[in-house]
Amino acid sequence: MKAVRLVVGVDLGGTKTGVGLVDHEGEVREKRKAPAEKRGPEATAEQVAELAAAALAAAQVSWEEIAAVGVCVPGIYFTDTGTAWAPNLWGRQQVPLRGLLEKRLPVPVALDSDRSACVLGEQWKGVAQGLTDVVFLAVGTGIGAGIIAGGEVVRGAEGIAGAVGWFALDPRPQAIYRQMGCFEAEAAGPGVARRAAARGMGGLTPETVATRARLGDPAALEVLEETAAWLGMGVANIVSLLNPQMVVLGGGLMQAGDLLLEGVRRHMREWAQPVAARQVRIELSRLGEDAGLLGAARLALIRGD
């Protein structure tokens, strides 16, 4: 009888670190989660090793049964050098993450950006199973896109492909656009809170705006409709450029996806290339916060082959 192949998937986030023991069918056997370690890359690598060991111990699995560890980074991973750039974790310097992890883990390590991991996760076990041309649009505090085209992950010359938060959607210069990009400034979570404050709802988070909208608050509904318009315009650019079979919407803001999805679809159709707009599907993530974890596990399975 053939042994079940096991891997460890690691989702390094700006606020949490998630580690899961995953089999070759995509079943998460054991999971551990902790606040993100921000004392430096060495401390992050140590946390990953400790959480992975805890997950294996809870499942009564030894390292000899693990094919590889996959890790996704909330930023840019540079394959040639093994370094990672993740300002939310370690500041703006590149850190030698691959080497630090390889010193602490007794199996091969595969790394990539969280964008690439999320789209791989959705293609493997989520709403995009079986598709060859998929974009995962992560909308939370920021905005980024993972891209699969022709069955291959698109990373770009420096691993920066998918930085769609920098889409130029408004020709009127604003200081905030120079900091993070127009699309991200208008459509990500902080943009929702900013528009709410402009309507006299100061101090609200995107979550509380969504709660008010579900209760029928006209101002909150107006904020989310405007957000859907910005999102739809950005998605339209993705659809026109890449002609994907599906765009998957995920990330923290998509907890309000039931309030945004139809508006995004409607506004996308207003702006996108008509033939591409008619055939594309715009769907909410099926995996939620596990998209990155399962995508990292998929990276590990590929690395372990």
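As the structure is a computational prediction, the values presented were derived from the model and not from experiment.

J.: Please provide a residue-by-residue account of the overall build of the chain, values included.
T.: The helix and strand tally for the chain stands at twelve helices and twelve strands. Its C-alpha atoms give the chain a radius of gyration of 19 Å, within 12% of the compact-globule value 19 Å for 305 residues. Summarising its shape, the C-alpha atoms of the chain cover approximately 55 × 40 × 40 Å along the three principal directions. The burial tally for the chain puts 53% of its 305 residues in the buried class. In the chain, of all internal contacts separated by at least 6 residues, the share reaching a separation of at least 24 is 63%.

J.: Kindly report on helix α9 (residues 218-242), identifying the contributing residues and their values.
T.: With 25 residues, α9 ought to run about 36 Å at 1.5 Å a step, and its terminal C-alpha atoms sit 36 Å apart, in line with that. Regarding α9, its N-cap is aspartate 217, as a side-chain oxygen of that residue lies 2.9 Å from the backbone nitrogen of alanine 219 further along.

J.: Quick one: what's the story with helix α10 (residues 257-271), residue by residue and with numbers?
T.: Over its 15 residues, α10 runs 20 Å from end to end, which matches the ideal 21 Å to within 8%, given 1.5 Å per residue. Turning to α10, its buried residues number three or more, namely Gly257, Leu260, Leu261, Gly263, Val264, Arg265, His267 and Met268. Taken together, the buried residues of α10 touch α9, β11 (246-250), α11 (274-279) and β12 (281-284).

J.: How would you sum up the packing of aromatic side chains? Please name residues and give values.
T.: Under the criterion given, the structure shown has one aromatic pair. For the ring pair phenylalanine 167 and phenylalanine 183, a centre distance of 5.9 Å and an interplane angle of 20° mean the geometry is stacked. One end of the pair, phenylalanine 167, is in the loop between β10 (152-153) and α5 (175-180); the other, phenylalanine 183, is in helix α6 (residues 182-187), with 16 residues separating them in the sequence. Of the two residues examined, phenylalanine 167 and phenylalanine 183, each falls in the buried class.

J.: With reference to specific residues and values, describe the sheet that holds β11.
T.: The five strands are arranged β10-β9-β8-β11-β12 in an open sheet whose pairing can be described as mixed. Each edge of the open sheet is held by one strand with a lone partner, namely β10 and β12. Direction of pairing for strand β9 (residues 143-149) relative to β10: antiparallel, over a ladder of two bridges. Bridging across to β10, alanine 149 finds its partner in glutamate 152. Strand contacts of helix α4 (residues 114-125): β8 (134-139), β9, β10 and β11, with the helix running at about 55° to β9, the strand carrying the most contacts. In the packing of α10 onto the sheet, contacts are made with β11 and β12, and the angle to β12 comes to roughly 165°.

J.: Just give me the short version of the sheet that holds strand β3 (residues 28-35), but keep the residues and values in it.
T.: Taken in spatial order, the five strands line up as β3-β2-β1-β4-β7 in an open sheet, and their pairing is mixed. Each of the sheet's edge strands pairs with one partner strand only, and the pair in question is β3 and β7 (109-113). The mean angle between the axes of side-by-side strands here comes to 15°, regardless of whether they run parallel or antiparallel. Strands β1 (6-12), β2 (16-23), β3 and β4 (66-73) of the sheet are contacted by helix α1 (residues 41-58), whose axis makes an angle of about 145° with β3.

The rules behind these values
- Residues numbered from 1 in each chain as written.
- Predicted model: local features only at pLDDT ≥ 70, side-chain atom pairs only at ≥ 80, totals over all residues.
- Heavy atoms only, no water.
- Helix = DSSP H or I, 4+ residues; strand = E, 2+ residues; numbered from the N terminus.
- Rg over C-alpha atoms; globule rule 2.2 N^0.38 Å.
- Buried < 20%, exposed > 50% of the residue type's maximum accessible area, 1.4 Å probe, protein only.
- Contact = heavy atoms within 4.5 Å.
- Expected span 1.5 Å × (residues − 1).
- Polar contact = N/O pair within 3.5 Å; in protein donor to acceptor, adjacent residues only side chain to side chain.
- Phe/Tyr/Trp six-rings, centres within 6.5 Å; stacked < 30°, edge-to-face > 60°.
- Pairing = 2+ DSSP bridges.
- Axes fitted to C-alpha atoms, helices over the stretch in contact; angles between N-to-C directions.

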